[in-house]
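The chain contents come next:
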Amino acid sequence: MSRRTASPSDAGAEAEQAALSLEGVSHAFDGVPVVVDVDLTITPGELMCLVGPSGCGKTTILRIAAGLEELQQGRVVIHGRVVADGAVQVPPEEREVGLVFQDFALFPHLRVEENAGFGLVGLGAAARRARAREVLAQVGMAGFAASYPHVLSGGQQQRVALARALAPRPRLMLLDEPFSGLDTRLREQIRDQTLHVLKSGGATTLLVTHDSEEAMFMGDRIAVMREGRVIQVGTPVDIYCRPACAFVAGFFSEVNRLEGIVADQRVRTPFGALAAPDLRSGDPAQILIRPEALGVAPAEGGEAQAAAAGDGKGHAKGRVITARLLGRSSLVHMGVAGADGKELHLHARVPGRFLPAEGSLIDVALDESMAFVFPADDD
């Protein structure tokens, strides 16, 4: 591929639009497609999370944006400048991007301050040192400026890597699974600090993760990938409350899965009929219900009333199989009579401590906003 330096005028009217724009990007390794016709736009100051299972193509997307993987098809525009298309392939160091990887890639023979200032080319020693100390202070690592990486914890190394990426004041930050090597408690702490640093500096960021909770915690918007394609883009609320397909609904939390047959654009459940406006009568359907959508309370009126079927208006009767305290919430395993009379095993997640006795009878109420109906073959 021929190479030339792209100028801001190459992008035309898009110069005022996106911080990062991927247009019709496709990529294959040894003839096997790993990215398929991806369009994605990130606005200035936005933190976009690219999420999906391992092998779905999300890291390849990030590497293409960074210039670490040569573009095969499509176009990449950063702040109005075409950095990759059929004629342009701007090298990574000229794209004004900051990179943070899973392994942090710190230089073991350099002190923390030297690592933080490594990318500051063209500055004098004093200016480089001052900027390095400034970004180390931003990430809470100023007290370790004279230390070497091997004496730092994993979380401290991650913060130094973030400082190094921020030091040149990049126009775009690209983070690839930056927290996955940390233990659970430390990961929560470090990603909270990272979010505050990125937001306080107004950095435009693309963060790749396979962790759905992390994506919801970090992202202004989320792009969900599967098998090389972006299948839904939206805010965390959009993605969680209005999933485009069964895969998205199931990726972002555990779900209770029920089956049914559509009749008059509705499908029967133990909690009454749910709307299925996009399905035809006779179509098999799957119903996905989030555990927090099931409200649980001790049954009233004794065993005879509790054993009866639900009222068909969002309520059903159930039997506790077991209950477990998970810390901030309780998980109740229950049996509920299905439309065919067979017992369904469902989970309810209840805030706080709620541990009804095994075998006890309960009332179960459904929040229909957290129940989703899709075709049976929609996976």
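Look above for the structure.
Computed from a prediction, not measured in an experiment: that's the story for all the values here.

Engineer: Honestly, the pattern of salt bridges in this entry has me stumped. Any pointers?
Structural biologist: A side chain with one charge can pair with a side chain of the opposite charge if their charged atoms come near. Considering all chains together, one arrives at 15 salt bridges under this definition. A salt bridge links E113 to R129; the nearest nitrogen and oxygen atoms lie 3.6 Å apart. Separated by 16 residues along the polypeptide, E113 in helix α2 (residues 112-116) and R129 in helix α3 (residues 125-138) bring together distant segments of the chain. A salt bridge links E188 to R185, with the shortest nitrogen-to-oxygen separation between them at 2.8 Å. Note that E188 and R185 are positioned in helix α5 (residues 184-200) at a spacing of three residues, about one turn of the helix. Among the residues examined, E188 registers a relative accessible area of 28% and is labelled partly exposed.

Engineer: Just checking my understanding: could you explain the packing of helix α4 (residues 154-166) against α5 for this structure?
Structural biologist: For any two helices packed against each other, one specifies the inter-axial angle together with the distance between the axes. Across the interface, α4 lies against α5 with an axial gap of 10 Å and an inter-helix angle of 20 degrees. Classified by the angle between their axes, α4 and α5 sit roughly parallel to one another. In this structure, α4 crosses over α5, and the sense of that crossing is right-handed. Residues G155, Q158, R159, L162 and L166 of α4 touch α5, and the partners they reach there are L186, I190, Q193, T194, V197 and L198. Residues that form the contact of α4 with α5 fall into these classes: six nonpolar, four polar and one charged.

About the thresholds
Residues numbered from 1 in each chain as written. Predicted model: local features only at pLDDT ≥ 70, side-chain atom pairs only at ≥ 80, totals over all residues. Heavy atoms only, no water. Salt bridge = Lys/Arg side-chain N within 4 Å of Asp/Glu carboxyl O. Helix = DSSP H or I, 4+ residues; strand = E, 2+ residues; numbered from the N terminus. Buried < 20%, exposed > 50% of the residue type's maximum accessible area, 1.4 Å probe, protein only. Axes fitted to C-alpha atoms, helices over the stretch in contact; angles between N-to-C directions. Parallel < 35°, antiparallel > 145°, perpendicular 65-115°, else oblique. Left-handed = near helix turned anticlockwise from the far one by under 90°. Contact = heavy atoms within 4.5 Å. Nonpolar A, V, L, I, M, F, W, Y, C, P; charged D, E, K, R; others polar.

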